[in-house]
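Given next are the chains, with one letter for each unit.
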Amino acid sequence: MKETKENTCDAGKISFEKDMSALLSEQIFFSEGVFARLPMGVEIYDSQGILRGLNKRAEQIYGVEPGTVIGTVNLFDSPYVDEQLEMKIKTGEEIVLEFEYDFDRMNREYFQTRNKKSIIYEVKIVPICNKEGVIAGHMLLTNDVTSTKEAEYRTEEAKKNLEMAMEAASMSSWVYDIHKQVFSPLFGEPIVREGMTLNELQEMLHPNDRIPLMKLFSRLVNREIQQGQITVRMSDGEDLRHYESRMRLSTEHRGKLQIVGTQLDITEKFRMVKRAQDLQAKRELAMKVNDIVHWDFDVKARKFESYNDPVNDYVAGRPVSINEYLEVIHPEDRSLVNDALQTMLSGERSNINFTCRMQTKYDEIWQYCNITGVPFEEEECGKISRFTGFRQNISKLHQLNEELKERNYKMELTFKTVGMSYWDFDVKTGQYRAFNDSVNDFCSEKNISPEDYLNAAHPDDTERIRENIETMLRGEAREFTLEYRSRTKWDQEWQSLIVTGLPSEWDKRGNIVRYTGIAFNNTKWEKMARELKEMKERAELSDRLKSAFLANMSHEIRTPLNAIVGFSELLIDSDDPDERAECGRMIESNNELLLRLINDILDLSKIESGILESKRVKFSITQLCDELYRMMLQKTPNMDVKLLQDKLLQDYWVFLDRDRLKQVWMNFLTNAMKCTRSGYIRMGFSVENGGFRFYVEDTGCGIPKKLHSQVFGRFQKLNEFTQGTGLGLAISKAIIEAAGGEIGFTSEPGVGSTFWGWVPCEISVSGGSSTPDLSSLPPCDKSGEFETRRKKILVAEDNDSNYALLLHMLKDYDLTRAENGVEAVDAVRNGNFDFVLMDLKMPIMGGLEATRKIREFDTEIPIIALTANAFDSDRVSAMEAGCNAFLTKPVKKKQLLELFF
């Protein structure tokens, strides 16, 4: 027996080698030298899957010696080859796969290898056929693409990081092809457009920037420099914008010379610098106008440096001694000034703030001046080495106070409008005074204690508030910002407050005696931020769903299109009547599938727009159930699945939207057929709870409990390998709920599922006919004359392919074509036609307008709207314009002929 098996294997090997020799002699296969030196792994298997040869690269990839695997390893025993893949290989399909190849697993389950761990494995399986087209073996072209994939990943990550950095900096980039002399954007939104020339860019720039840009480009092109930088200006219609561009010469591509550049809009930066310069100029002007002196005191040198100071005769660079200042101080104020001077000379970290009288040779009388100063520089030991401050003439204090009152009034009005309050804290008394604060009942004259604020604060925030109050009581010289929650009798919920404060008043010794700040109610802004975040998340979710939908639609539409295109080609080349009939059936089947996909998309659009329409008619549920049963009985793909129907003895009639109900029921049945491989599918209905319940039960794969919540979601496909959009059940749910009903299911993995829908309605045991009313078309002429002559049909159609299709469908009729609405109106006016097929969307004049004009002089001729516009609103518009019937593209020959007879 063993000998016989060996003889069989030897015979198979001899047969395989004979076939290979024949192929090699006919130069169909690789020569031995090429085979051995190919930079990819090549494996040769016979038709039974036995390995008959492999090259050096394959030995390296798998880590094997030829003698240990040739004649031993069977391709179909690989743990990565399942039944479906094996069938594809044996039937000669070309297969391309990429997956993680685990050598540890190979050692356990397949063959012995010296390699460890795993690689990213790319393989193409190609059938080897002999002269008669019979599969003699299989060739595997393999590659280890681990390093390539890792490099791609690193490159992509580096690109993403660079783009993220550029996006964070609001930077864009471009490239200039020196040979083609055109720009192309690389990232972001640079000012250059695709295909823009340097001259076109010059036209956009400020005239003074054109020559410097040309010189820079010339130096780069001539390779005088490798990189450069320039700032250019361009008008945006209202103002000039400034762009900083860095560029370099790039020769990364062989034979291709480019200039790569970045673009950064520095308009705001430029404006900030300009504003800073303006502010400096305004500051100096303001100091002169308002008689303000800016001073610096050097502690070690005991000298003052000041700007706009009459004491140094307005010479900013000339230092002034302490004695020179004391000479112009009023005698009664020199003691106060000496105290401030001693504070500064001691290097204490204290602020200076006092008022004294001064008179220089430029003053006729004593001037009241307010002097403020703060520590500005300090030594390593911590002592202050320099103070800086201002001296202002406040002789016109009354006038300033009046202006201050006016400003305070405006500020208070602003605070009330925006929901802000301002406060003062007296360090000595430990009391607050606040304006527009709910804690003191909006009474600015009423003091507020720290305990009042603590009692109104949220319990979780009181400790933080207490620490802040203690900081002010200690007189620390710092600004602060505090966030906490508060609620008073004026508030219905906790209010989120942002409080800022800073020292505002010092005593003669420089101790802080008052803090001032602002409290801002941030509640509505936080709420707005949360709402914006939620809106952003919803928008991102919508975008992800849209992307998933588009990807799914692309796949689902291409699948039937592939079959339609493929079988159409076969149909043209085939002379076998049976084969042509089979091709026709396959094209028809995939046409129906494609139409269902498009109808699902249209239904989704209606649901999104809230215009899901319902047309109620009286019909027999029993007849509808029978109709669906007969229809699905013909489409049952698996002989191991039985389609069963639960029939009631009585004939029940309802008043509902028959088409929508049929759509939902059909969806249940279609899903059941996709998921059931054996057993049965049972359909039926029952009358209960003031309505009727219809159901579809199957013995299919069932749905895991964790996926139950996703069943009726949009774009949800629980099995990605089944045909469909993932919209059917979502649309079914919208239809049933729009009718006031309920929809649901029960399912258990391995047992099956039951999907059901319940719709409330009045039910009667008998009713009228459910046959559609076709009386809108005028009766056809049954006279002998009409039957003996060919019908004349006017086809208003601008598309050549669509007209050619009708020409073939209606080859037994006399067709006349009009390519637009104007020609159609003239043809009806001057001709004698039995029917008009009217496309609604045509150039010059559309079908609706043409129909209205025809009806002005001819109300009898039947006009059939034939259009790709499939919404019910389009049907209504066509009927209102004067059409007798409405057909949507793609149209079937049977539909047309039914309208003619």
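Let's talk about the overall build of the protein
At step 1: Helix and strand counts for the protein come out as 26 helices and 34 strands.
At step 2: Considering only contacts within the protein whose residues lie at least 6 apart along the sequence, 54% involve residues at least 24 apart.
At step 3: Summed over all atoms, the accessible surface of the protein reaches about 53200 Å², with 51% contributed by carbon and sulfur.

Regarding the environment of I61
At step 1: Looking at the element boundaries, I61 is found in helix α3 (residues 56-62).
At step 2: With 54 residues separating them in the primary sequence, I61 and N115 have C-alpha atoms 8.3 Å apart.
At step 3: Not counting residues up to four positions away in its chain, the partners in contact with I61 are G41, F103, N115, I119, T142, N143 and D144.

A closer look at the packing of helix α19 (residues 658-675) against helix α20 (residues 728-738)
At step 1: Relative orientation of the contacting elements α19 and α20 amounts to 145°, with a least axis distance of 10 Å. Like other packed secondary-structure pairs, α19 and α20 cross with a definite hand, here left-handed. For the pair formed by α19 and α20, the contact residues are R660, Q663, V664, N667, F668 and N671 on the first element and G728, L729, I731, S732, I735 and I736 on the second.
At step 2: A class-by-class count of the residues in the contact of α19 with α20 yields 6 nonpolar, 5 polar and 1 charged.

A word on helix α10 (residues 267-289)
At step 1: The end-to-end C-alpha distance of α10 is 31 Å, a good match for the 33 Å that 23 residues give at a rise of 1.5 Å each.
At step 2: Backbone geometry just downstream of α10 places D291 in the positive-phi region, at approximately 55°.

Topic: the packing of aromatic side chains
At step 1: All chains considered together, the criterion is met by 30 aromatic pairs.
At step 2: Arranged with centres 5.9 Å apart and planes meeting at 70°, the rings of W295 and F304 form a pair that is edge-to-face. The burial state of W295 is the same as that of F304; both residues are buried.
At step 3: Ring centres of W423 and Y432 lie 5.8 Å apart, and the angle between their planes is 70°; on these two criteria the pair is classed as edge-to-face. With respect to burial, W423 and Y432 carry one shared label: buried.
At step 4: Pairwise contacts between aromatic rings join Y62, Y80, F99, Y101, F103, Y110, F111 and Y121 into one cluster.
At step 5: In this structure, R105 is placed above the aromatic ring of Y80, and the distance from its NZ or CZ to the ring centre is 5.1 Å.

Points about unusual backbone geometry
At step 1: The backbone of D313 shows a phi angle near 60°, a positive value even though the residue is not glycine.
At step 2: The class of D313 is partly exposed, set by a relative accessible area of 31%.
At step 3: A positive phi angle, close to 65°, is found at I844, a residue other than glycine.
At step 4: With respect to the element layout, I844 can be found in the loop between β32 (835-838) and α24 (847-857).

A short note on the sheet that holds strand β23 (residues 641-646)
At step 1: Pairing is mixed in the open sheet, where 5 strands are placed in the order β23-β25-β26-β28-β27. Every other strand in the sheet has two partners, leaving β23 and β27 (742-748) as the edge strands with one partner each. The mean angle between the axes of side-by-side strands here comes to 10°, regardless of whether they run parallel or antiparallel.
At step 2: As defined by bridge partners, β27 adjoins strand β28 (residues 752-760) across 7 bridges and the pair is classed as antiparallel. Opposite S747, over in β28, you have S753 as the bridge partner.
At step 3: Where α20 meets the sheet, its contacts fall on β26 (691-698), β27 and β28, and the angle it forms with β27 comes to roughly 140°.

Looking at the packing of helix α23 (residues 821-830) against α24
At step 1: For the pair α23 and α24, the least separation of the axes is 9 Å and the interaxial angle reads 20°. Here α23 is positioned roughly parallel relative to α24, judged by the angle of their axes. Two packed elements cross with a definite hand, and for α23 against α24 that hand is right-handed. Residues G821, A824, V825, V828 and R829 of α23 form the contact with α24, whose own contacting residues are A850, K853, I854 and F857.
At step 2: The residue makeup of the contact of α23 with α24, split by class, is 6 nonpolar, 1 polar and 2 charged.

Quick look at the side chain of H138
At step 1: Position of H138 among the secondary structure elements: in strand β5 (residues 135-144).
At step 2: A residue is classified by how much of its surface remains accessible, and H138, at 1% relative accessible area, is buried.
At step 3: Among all residues touching H138, those that are not within four sequence positions of it are E43, I44, Y45, D46, S47, F76, I89, K90, V126, P127 and I128.

A word on the nonpolar core
At step 1: By size, the foremost hydrophobic cluster in this structure holds 39 residues, and its most contacted members are W665, F692 and F694.
At step 2: At 8 residues, the largest contribution of residues to this core is made by α19.
At step 3: Contact partners of W665, with chain neighbours within four places excluded, come to L624, C625, L628, M683, G684, F685, F694, Y695 and V696.
At step 4: In this structure, L85, F103, M106 and I119 belong to the second largest nonpolar core, which totals 24 residues.

What about a nonpolar patch on the surface?
At step 1: Together, W525, M528, L532 and M535 make up an exposed nonpolar region whose accessible area comes to about 400 Å².
At step 2: Turning to its location among the elements, W525 is positioned in helix α16 (residues 523-573).

A closer look at the pattern of salt bridges
At step 1: A full pass over the atoms with the stated rule returns 38 salt bridges.
At step 2: Measuring nitrogen to oxygen at the nearest pair gives 3.8 Å for the salt bridge that ties E324 to R318.
At step 3: Take R318: its relative accessible area is 30%, and that puts it in the partly exposed class.
At step 4: A salt bridge links R817 to D800; the nearest nitrogen and oxygen atoms lie 2.8 Å apart. Separated by 17 residues along the polypeptide, R817 in strand β31 (residues 814-818) and D800 in helix α22 (residues 800-809) bring together distant segments of the chain.

What to know about the confidence of the model for the protein
When pLDDT drops low, the exact placement of atoms in the prediction is not to be read closely.
At step 1: Per-residue pLDDT for the protein averages 82, and the proportion of residues at 70 or more is 85%.
At step 2: Note that residues 1-6 has pLDDT below 50 and, in this model, 0 contacts with residues that lie over four places away or in other chains.
At step 3: Below a pLDDT of 50 lies the segment residues 24-31, which in the model reaches 11 contacts outside its immediate sequence neighbourhood of four places, other chains included.

Cut-offs applied
- Residues numbered from 1 in each chain as written.
- Predicted model: local features only at pLDDT ≥ 70, side-chain atom pairs only at ≥ 80, totals over all residues.
- Heavy atoms only, no water.
- Helix = DSSP H or I, 4+ residues; strand = E, 2+ residues; numbered from the N terminus.
- Contact = heavy atoms within 4.5 Å.
- Areas by Shrake-Rupley, 256 points an atom, 1.4 Å probe, with all protein chains shown as cover.
- Axes fitted to C-alpha atoms, helices over the stretch in contact; angles between N-to-C directions.
- Left-handed = near helix turned anticlockwise from the far one by under 90°.
- Nonpolar A, V, L, I, M, F, W, Y, C, P; charged D, E, K, R; others polar.
- Expected span 1.5 Å × (residues − 1).
- Phe/Tyr/Trp six-rings, centres within 6.5 Å; stacked < 30°, edge-to-face > 60°.
- Buried < 20%, exposed > 50% of the residue type's maximum accessible area, 1.4 Å probe, protein only.
- Lys NZ or Arg CZ within 6 Å of the ring centre and 35° of its normal.
- Pairing = 2+ DSSP bridges.
- Parallel < 35°, antiparallel > 145°, perpendicular 65-115°, else oblique.
- Core = buried A, V, L, I, M, F, W, Y, C linked by side-chain atoms within 4.5 Å.
- Patch = residues over 30% accessible without salt bridge, like charges linked within 9 Å, V, L, I, M, F, W, Y side chains within 5 Å.
- Salt bridge = Lys/Arg side-chain N within 4 Å of Asp/Glu carboxyl O.
- pLDDT = per-residue confidence, 0-100.

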